[in-house]
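Breakdown of the fold
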Amino acid sequence: TTIGYLLSMNKEYRLFRFRVRFTLGGILFFIGRERVPEREKPLRREVHILFIAVAFLGIALFYLFFLPIIVNMVKSFIEFIYGYSVAPPQPTLVPLPLLFQYRELIVYLVIAIAIGVVVHEFSHAIVALREGVKIRSWGIGMLFLFPIAFVELDEEQFARASPRAKINIAAAGIFSNAVVSLIALVLLFAISNILPLLGNVSSAVLVNGVDCSICNTTLCPAHLMNISAGDVIVYVSGVRVYTPTDVEKILRNQSVGDLITIKICGINGCRESTAVLNAINRKSYSEKGVEIPCLGITMSQTIVFEKNGLFFHYPAVENLILHLNFIFIVNFSLYVLNAIPFIISDGSIFMSALSSLLRPLEVLTSKKVLDIFNIAVLVIAIAISSYIFLRFTP
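A brief look at the structure comes next. (Residues numbered from 1 in each chain as written. Predicted model: local features only at pLDDT ≥ 70, side-chain atom pairs only at ≥ 80, totals over all residues. Heavy atoms only, no water.)

1. As for a nonpolar patch on the surface
The cut-off we apply is this: Surface patches are defined over residues having more than 30% relative accessible area and no salt bridge, joining like charges when they lie within 9 Å and nonpolar side chains (Val, Leu, Ile, Met, Phe, Trp, Tyr) when within 5 Å. Each accessible area value is a Shrake-Rupley result obtained with a 1.4 Å probe; residue values ignore everything except the protein chains displayed when judging cover. The rule for a salt bridge is simple: a side-chain nitrogen of Lys or Arg has to be within 4 Å of a carboxyl oxygen of Asp or Glu. In this description a helix means any DSSP run of H or I spanning at least four residues, a strand means any run of E spanning at least two, and both kinds are numbered starting from the N terminus. Relative accessibility decides the category of a residue: with a 1.4 Å probe and only protein chains considered, values under 20% of the type maximum give buried, values over 50% give exposed, and everything between is partly exposed.
Taken together, Ile78, Ile81, Tyr82 and Tyr84 make up a surface patch of nonpolar side chains, about 520 Å² in accessible area. Secondary-structure assignment places Tyr82 in the loop between α2 (45-81) and α3 (96-99). We classify Tyr82 as exposed; its relative accessible area is 62%.

2. What about the pairing of strand β4 (residues 135-143)?
In plain terms, the rule: One bridge is not enough; two strands pair if DSSP finds at least two bridges between them.
Here strand β3 (residues 26-30) runs beside β4; their pairing, made up of five bridges, is antiparallel. Following the sheet pairing, Phe30 is matched in β4 by Gly139. In the sheet, β4 pairs with strand β5 (residues 146-153) via eight bridges, with the strands oriented antiparallel. Directly across from Ile140, in β5, lies its bridge partner Ala149. Here β4 folds back onto β5, and the loop between the two strands holds two residues, one of which, Phe144, carries a positive phi near 50°.

3. Looking at empty space enclosed by the protein
To keep things clear, this is the line we draw: Think of a 1 Å grid over just the protein atoms. A cavity is a set of points where a 1.4 Å probe fits yet cannot get out, a pocket is an open set with protein on both sides within 12 Å along at least five of seven lines, and lining residues have an atom within 4 Å of a point. Grid points are joined across faces, edges and corners, and a volume is the space filled by probe spheres set on the points. The classification used treats Ala, Val, Leu, Ile, Met, Phe, Trp, Tyr, Cys and Pro as nonpolar, Asp, Glu, Lys and Arg as charged, and all other residues, Gly among them, as polar.
As enumerated under the stated definition, the model contains one cavity of 30 Å³ or more in all. The computed volume of the largest cavity comes to approximately 40 Å³. Forming the boundary of the largest cavity are Pro341, Ser348, Met351, Ser352, Leu364, Thr365, Leu370 and Asp371. When contributions to the lining of the largest cavity are tallied by element, the ones reaching two or more residues are α11 (346-355), α12 (362-366) and α13 (369-392). Sorting elements by how many residues they give to the lining of the largest cavity places α11 first, with three residues. The residue inventory of the lining of the largest cavity, partitioned by class, reads four nonpolar, three polar and one charged.

4. Description of unusual backbone geometry
Unusually for a residue other than glycine, Phe16 sits at a positive phi of about 60°. When its relative accessible area of 75% is taken as the criterion, Phe16 is described as exposed. Here the phi dihedral of Asn226 falls at roughly 55°; this positive angle occurs in a residue that is not glycine.

5. So, helix α6 (residues 163-194)
What counts here: Expected helix span is taken as 1.5 Å per residue step, with the number of steps being one fewer than the number of residues. Fitting one axis to the seven residues ending at a residue and another to the seven starting there, the bend at that residue is the angle between the two axes.
Between its first and last C-alpha atoms α6 spans 46 Å; for 32 residues at 1.5 Å apiece the expected length is 46 Å, and the two agree. The sharpest bend along α6 comes to roughly 35°, located at Ala171.

6. Notes on the environment of Ile69
As for its placement among the helices and strands, Ile69 is situated in helix α2. Of the residues examined, Ile69 reaches a relative accessible area of 33% and is grouped as partly exposed.

7. Comments concerning the packing of α2 against α11
Cut-off, in case you're wondering: Orientation is described by lines fitted to C-alpha atoms, with helices fitted over the stretch in contact, and by angles between N-to-C directions that extend from 0 to 180 degrees. Throughout, the term roughly parallel applies to angles under 35 degrees, roughly antiparallel to angles over 145, roughly perpendicular to angles from 65 to 115, and oblique to all others. Two helices crossing with the near one rotated counterclockwise from the far one by less than a right angle form a left-handed crossing, whereas a clockwise rotation gives a right-handed crossing. Should any heavy atoms of two residues lie within 4.5 Å, those residues are counted as being in contact.
Orientation of α2 relative to α11, taken along the N-to-C sense of each, is 125°, at an axis distance of 12 Å. Judged on the interaxial angle alone, α11 and α2 are oblique. For α2 against α11, the interelement crossing comes out left-handed. On the side of α2, the interface is formed by Ile52, Ala55, Phe56 and Ile59, while α11 contributes Phe350, Met351 and Leu354. Split by residue class, the contact of α2 with α11 holds seven nonpolar, no polar and no charged.

Spatial relationships are all this shows, so hold off on functional conclusions.
As structure tokens, then:
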């Protein structure tokens, strides 16, 4: 897309009824129709000030919260490359398309992104029309591997608009993502206070599926114990397990031929099953030559509620919490990343409009100092995070 941008020099192309334009690190598809404002109805002064305050808060959060995390990741990555640390750092800015390899996350990601993008662009459109700026089109695209949506304003009308109108239009999307993330956070907090009514909240291991091909036998322990997808494992050999890592640690301390007892909870209550560990993990043996006993299941962490010695699993509650978590994470990320100035972000337009009112900012915006710094930070973070994710994430 960057080569396309350099070759086309911002020229547009036609694909069926749509206009297509390459950008630096991305591509845009214009698919919407023109909208003309019926009459101007500018935002009130209080809302205008609130927009500015929320945008500056987003910028502050990036430099005080995100930037130190990115710096620490880069530092840890360099230490890992030179052998000063054993484990690779946690990636901080993984492009969304890479996350789609996790099939169980696709629904949550798609819904969270759709909510964030629709609310963001709808806010731009509403405020632009209220400030008297025509909308030429709207569309979707991709920027540095991130799927995006956008509203195309009439450039001449936007250029003639007052600095206050420009600030409001640019900050509208930033503000909307901040509001959505705040709503999601409040709902998560409210739910966390209601959950104890269902029992003591803790975590356990959810069986995603039974797959004997993981083991070196077609009749693995999971089949012998009648384990099935959707079952919840709470105890293994008398030890309470909270994560798949806990189960893996127990298996590493076992040998082929040992008996293993697992407490499994499902729709019909809890039961204990015992079987002989009659298989080894194929991957561990082929990669490391280590014979680690194999159950033949794929696992993930889940939420359980303990009451009167019994463990209950409510998928609907967990789905709601996961949806809200992803809505918060995606919208908070959109809020902060859109607030900072970098090339064509809302933050860049916001700071440029604000600089016409606050002269000290003009030096930073005219020379694109913040834009260049921020884009360099984001490109480094995306590159290193992508490498760590692809190279070291199983």
